[in-house]
Protein chains: 2
Amino acid sequence: MSLIFSRQCEYALQAVLYMSAQSEKRFTNINEISERLDIPMPFLGKTLQLLVRSKILSSQKGPKGGFKLAKNPSEIALFHIVDAIDGTYFMTSCVLGFPECSSKSPCPVHSEWGVLRDRVHQMLANRTIADISKEITDSKQLRAKLGLL
Amino acid sequence: MSLIFSRQCEYALQAVLYMSAQSEKRFTNINEISERLDIPMPFLGKTLQLLVRSKILSSQKGPKGGFKLAKNPSEIALFHIVDAIDGTYFMTSCVLGFPECSSKSPCPVHSEWGVLRDRVHQMLANRTIADISKEITDSKQLRAKLGLL
DNA sequence: TAAGATTCAGATAGAAATGTCTGATATATG
DNA sequence: CATATATCAGACATTTCTATCTGAATCTTA
C-alpha cells in the first residue's frame, strides 16, 4: 500500500487539530480524544508523548490533566507535527528508491518529483494550526468531522 | 516513517526500468536484475509475478527464460506499475486519515491536497517506460544507476 | 530424452509498525 | 493526607510488510 504519512502521524495530526478547537487553557485528555476521533487510546498516548518531547504539546498528570498546545497555534505548522512523528526522510529520499539519487546523479524522475515534493513541503509548512483552527470554528462540517458539536 | 510507495513497489519500478533498457526480445532473469539493482532475489521474483498477472510483463521458464515487457513501452505508464503493486488507495484516501473525507465533507486540507495529489497522478500517468527508456539510453549516469554499463 | 535452468506456488521466517497491558509517577480535590 | 485521575515508561502482543525456503512445473539445449 502506498501512503504519505504513517498511521501514527495521521493520529497526531487529527489529535492536534482536535485540541486546537478547544479553549486554549484547557487540558484535553486522551480518553476524550480517542473516543471522538476513534483512535486506540494507549497508542494515542504514546503518540502525544512524542509531541510533548518535541515541545509541540505540553501535558499535565492527574485530574483535570491532559494535553494542550505548548505554543501559539500560529507557530505550529503541520510540518512540525509530521517531522516530530515521521521525520523528514520523505523530503530527501528518492521516490523510486534508488539509494544514491541526487541532483548530481538523478533518477529518471528526480527533478519532476522534486518539484512536487517541494509543493507538498510548502503546503505543510505554510498551513498552521492557527488558520486551520479558525476554519474549524467557522465550519459546522469540520467540527462534525472532528467529533465536536 | 512517511513514504510514498512501498518498498516492493520501488523494486518493481526499478526492475521495469532496468528491463526497458534491454533489447526488446530478450528475457531478463531475476538473478541478473537482483544483482544489478541489489534487490533480494526471491522477493523480486514474487514482485515480478504480480506484474505478469497484471499483464505488464510476460515471463518464460527455463534456460534463456526470464521476464520482459508484455506490451509496447509507450503503453506502460509508471502509474500502471504503481497500481499493480500498491493499488490506488493513495489517490482517494484522506491525507490526514479521516475515514470519511470527500468533497462533500472535506478535511481542512482536502482541496489543497487534492491538487497536489492530482499532479502526482498526472506525472505518474504521463511518464511512460518508453520515454524514460530513451533517457536512460542517452545518459551514462542513468545507465550506471541501473547497474548497466 | 535427459539435464540443467528458470519461473511459479505455497509455506515459513524475520522485521517493522501498530496496538495492548501493567504498574509507576504526578496532580487536583475532598 | 488519602483518593481518584491522569500521564508516563517499559514490556508485551498482534498485524502487516519484507524476505527466505522448498519443491513443482516448464522450457532450452545438448
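Please provide a residue-by-residue account of the protein's contact with DNA strand D, values included.
Near DNA strand D there are 25 residues, and of these A:Ile30, A:Lys46, A:Ser59, A:Gly62 and B:Pro63 occur at the shortest range. When the atoms of DNA strand D within 4 Å of the protein are sorted by group, sugar and phosphate make up 66%. Those elements that provide at least two residues to the surface near DNA strand D are helix 3 (41-53), strand 1 (57-60) and strand 2 (66-69) of chain A together with helix 1 (7-20) and helix 3 (41-53) of chain B.

How would you explain the pattern of salt bridges if you had to name every residue and give the values?
On inspection of all chains with the given rule, the structure shows 11 salt bridges over all chains. As a salt-bridge pair, A:Asp131 and A:Arg127 come within 2.7 Å of each other at their nearest N and O atoms. Judged by its relative accessible area of 28%, A:Asp131 is partly exposed. By relative accessible area, A:Arg127 is classed as buried at 8%. One network of salt bridges, with partners in common, ties together A:Glu112, B:Arg127, B:Asp131 and B:Glu135.

Describe the interface of chain A and chain B, listing the residues and the values that go with them.
Each partner contributes to the interface: chain A provides 42 residues, whereas chain B provides 42 residues. In total, about 3,900 Å² of surface goes out of reach between chain A and chain B, with carbon and sulfur atoms giving 66% of it. Considering only the surface of chain A that becomes buried against chain B, A:Ser2, A:Pro108 and A:Lys145 emerge as the three largest contributors, covering 17% of it. Inspection of the chain A/chain B interface yields two salt bridges. Across the pair A:Arg127 and B:Glu112 runs a salt bridge, and its minimum N-O distance is 2.5 Å. Summed over the shared surface of chain A and chain B, the number is 14 residue pairs in polar contact (both at pLDDT 80 or more). Elements that contribute at least two residues to the side of chain A that touches chain B include exactly helix 1 (7-20), helix 4 (78-86), helix 5 (89-92), helix 6 (110-126), helix 7 (129-138) and helix 8 (140-145) of chain A. A per-element tally of the side of chain A that touches chain B places helix 6 of chain A first, with six residues. Residues of the side of chain A that touches chain B, tallied by class, amount to 26 nonpolar, seven polar and nine charged.

I'd like to hear about the pairing of strand 1 (residues 57-60) of chain B, residue by residue, with values.
Residues and elements named next belong to chain B. Bridge count between strand 1 and strand 2 (residues 66-69): four bridges; the pairing is antiparallel. The partner of Leu57 across the bridge, within strand 2, is Leu69. In this antiparallel pair of consecutive strands, strand 1 and strand 2, the connection spans five residues, and Gly62 shows a positive phi of 80°.

So what about the environment of B:Lys68? Which residues, and what values?
Residues and elements named next belong to chain B. Structurally, Lys68 can be placed in strand 2. Along the primary structure Lys68 and Ala144 are separated by 76 residues, whereas in three dimensions their C-alpha atoms are 20 Å apart. Leaving out residues up to four positions away in the same chain, Lys68 has contacts with Met19, Glu24, Lys25, Arg26, Phe27, Ile56, Leu57 and Ser58.

Definitions and cut-offs
Each chain has its residues counted from 1, following the order in which its sequence is written. Written order determines the labels here, with chains lettered from A and ligands numbered from 1. Per-residue local features of the predicted model are confined to residues with pLDDT of at least 70, and side-chain atom pairs are confined, for both listing and counting, to 80 or more; whole-chain, interface and lining totals are unaffected and use all residues. Side-chain descriptors were evaluated using all non-hydrogen atoms of the structure, hydrogens and water having been removed beforehand. Here, proximity means that at least one heavy atom of the residue falls within 4 Å of the molecule or strand. Strands are runs of DSSP state E lasting at least two residues, helices are runs of H or I lasting at least four, and both sets are numbered from the N terminus onward. A pairing counts as a salt bridge when a side-chain nitrogen of Lys or Arg comes within 4 Å of a carboxyl oxygen of Asp or Glu. Only protein chains enter the area calculation, which uses a 1.4 Å probe; residues under 20% of their type maximum are buried, those over 50% are exposed, and those in between are partly exposed. Every residue pair with non-hydrogen atoms within 4.5 Å of one another is taken to be in contact. Joining two parts hides part of their accessible area as seen by a 1.4 Å probe, and the buried area is that hidden amount summed over both. In protein, a polar contact requires one atom able to donate a hydrogen and another able to accept it; more generally it is a pair of N or O atoms within 3.5 Å, and residues adjacent in sequence count only if both atoms are side-chain atoms. Note on residue categories: nonpolar means Ala, Val, Leu, Ile, Met, Phe, Trp, Tyr, Cys or Pro, charged means Asp, Glu, Lys or Arg, and polar means any other residue, Gly included. Here, strands pair whenever DSSP counts at least two bridges between them.

Honestly, that's just the spatial picture; any functional story needs more than this.
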